[in-house]
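So the chains spell out like this:
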Amino acid sequence: MTSPKTTTVKTTSSLQRPGAAARWYAASVSPGKEDVAERHLRLQGFHPFVPRCQKTIRHARRVETRPAAYFPGYMFIAFDVAQQRWRSVNGTFGVRSLIMQGERPLPVPSGLVELFIALTGEDGLLDFSGGHTAGASVRILSGPFAEMIGRLDRLDPAGRARVLVAIMDGEIPVDMDSRELVAIA
């Protein structure tokens, strides 16, 4: 009897910090081979990072939720172009190629990957909720409903929130970015 295939997820505590001169670069990977590419890059001494989120898969009357790459087919790798043999990344199992600009890899904008790492929870998945929980009272910070109080109805993995705002003896659902909310004690 074979056991079902399990996907391992790296926790934030297992993320090694790259050196001071290292920058983050994007690489195209083969579809579904993010784990393979990540493992082989670590064996070579690189610092790969694959942002992950929960993905619901429906197949043959079965519904399964499992971790999946937030950017399917892409991953981030930290290295120092001047010190490391970065061309070996292109020959790594699972990696198609680095995203290039001419003869050099194109660096990712500073702070982008660091933000994804900061948003990664202990379970290794991206968490855009900002600490909000469904049912909590929140104050809206900006937009046409600024300074209004509402009840948080739901949050989705992409960071969108639905707030129920009390207007004219009823609750009106308002969809917005979860960063526009602050919890009320």
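From a predicted model like this one, the values you see are computed outputs, not experimental measurements.

## Remarks on the pairing of strand E10 (residues 149–155)
Okay, so step 1: Direction of pairing for strand E9 (residues 137–140) relative to E10: antiparallel, over a ladder of 3 bridges. Across the sheet, Ser 137 pairs through a bridge with Arg 151, a residue of E10.
Okay, so step 2: Here 5 bridges tie E10 to strand E11 (residues 160–167), and the two strands are oriented antiparallel to one another. Within the sheet, the bridge partner assigned to Gly 150 lies in E11 and is Val 165.
Okay, so step 3: From the end of E10 to the start of E11, which pair antiparallel, there are 4 residues, and Gly 159 there has a positive phi angle of about 95 degrees.

## With respect to the nonpolar core
Okay, so step 1: Leu 41, Met 75, Ile 77, Phe 79, Val 89, Val 95 and Leu 98 are the most contacted members of the largest nonpolar core, which totals 16 residues.
Okay, so step 2: Those elements that provide at least two residues to this core are strand E1 (23–29), helix H1 (34–43), strand E5 (74–79) and strand E6 (95–98).
Okay, so step 3: With residues near it in sequence (within four places) discarded, Ile 77 still touches Arg 23, Trp 24, Tyr 25, Ala 27, Leu 41, Phe 46, His 47, Pro 48, Val 89 and Leu 98.
Okay, so step 4: Residues Trp 24, Ala 26, Phe 49 and Val 113 belong to the second largest nonpolar core, which totals 11 residues.

## A few points about the packing of aromatic side chains
Okay, so step 1: Applying the stated criterion to the full structure yields 6 aromatic pairs.
Okay, so step 2: Taking 6.3 Å as the distance between ring centres and 25 degrees as the angle between the ring planes, the aromatic pair formed by Phe 76 and Phe 116 counts as stacked. Remark: Phe 116 occurs in helix H2 (residues 112–119) and Phe 76 occurs in strand E5; sequence separation between them is 40 residues.
Okay, so step 3: Overall, Phe 116 belongs to the buried group, its relative accessible area being 9%.
Okay, so step 4: A network of ring pairs unites the aromatic residues Tyr 70, Phe 71, Phe 76 and Phe 116 as a single cluster.

What counts as what
- Along each chain, residue indices are assigned from 1 in the same order as the chain's sequence is written.
- Owing to the predicted nature of the model, reporting of local features is limited to residues with pLDDT of at least 70; listing and counting of side-chain atom pairs is limited to 80 or more, with chain, interface and lining totals taken over all residues.
- The side-chain numbers reported here are obtained from all heavy atoms of the structure, hydrogens and water having been left aside.
- Between any two strands, pairing holds if DSSP finds at least two bridges.
- Strands are runs of DSSP state E lasting at least 2 residues, helices are runs of H or I lasting at least 4, and numbering of each runs from the N terminus.
- Only buried Ala, Val, Leu, Ile, Met, Phe, Trp, Tyr and Cys residues count toward a nonpolar core, and they belong to the same one when joined by side-chain atoms within 4.5 Å.
- Burial status follows relative accessibility: with a 1.4 Å probe on protein chains alone, a residue under 20% of its type maximum counts as buried, one over 50% as exposed, and anything between as partly exposed.
- Throughout, a residue-residue contact means that at least one pair of heavy atoms, one from each residue, lies within 4.5 Å.
- Aromatic rings from Phe, Tyr and Trp, with only the six-membered ring used for Trp, were paired whenever their centres fell within 6.5 Å, and each pair was classed as stacked if the ring planes differed by under 30 degrees, edge-to-face if by over 60, and tilted otherwise.

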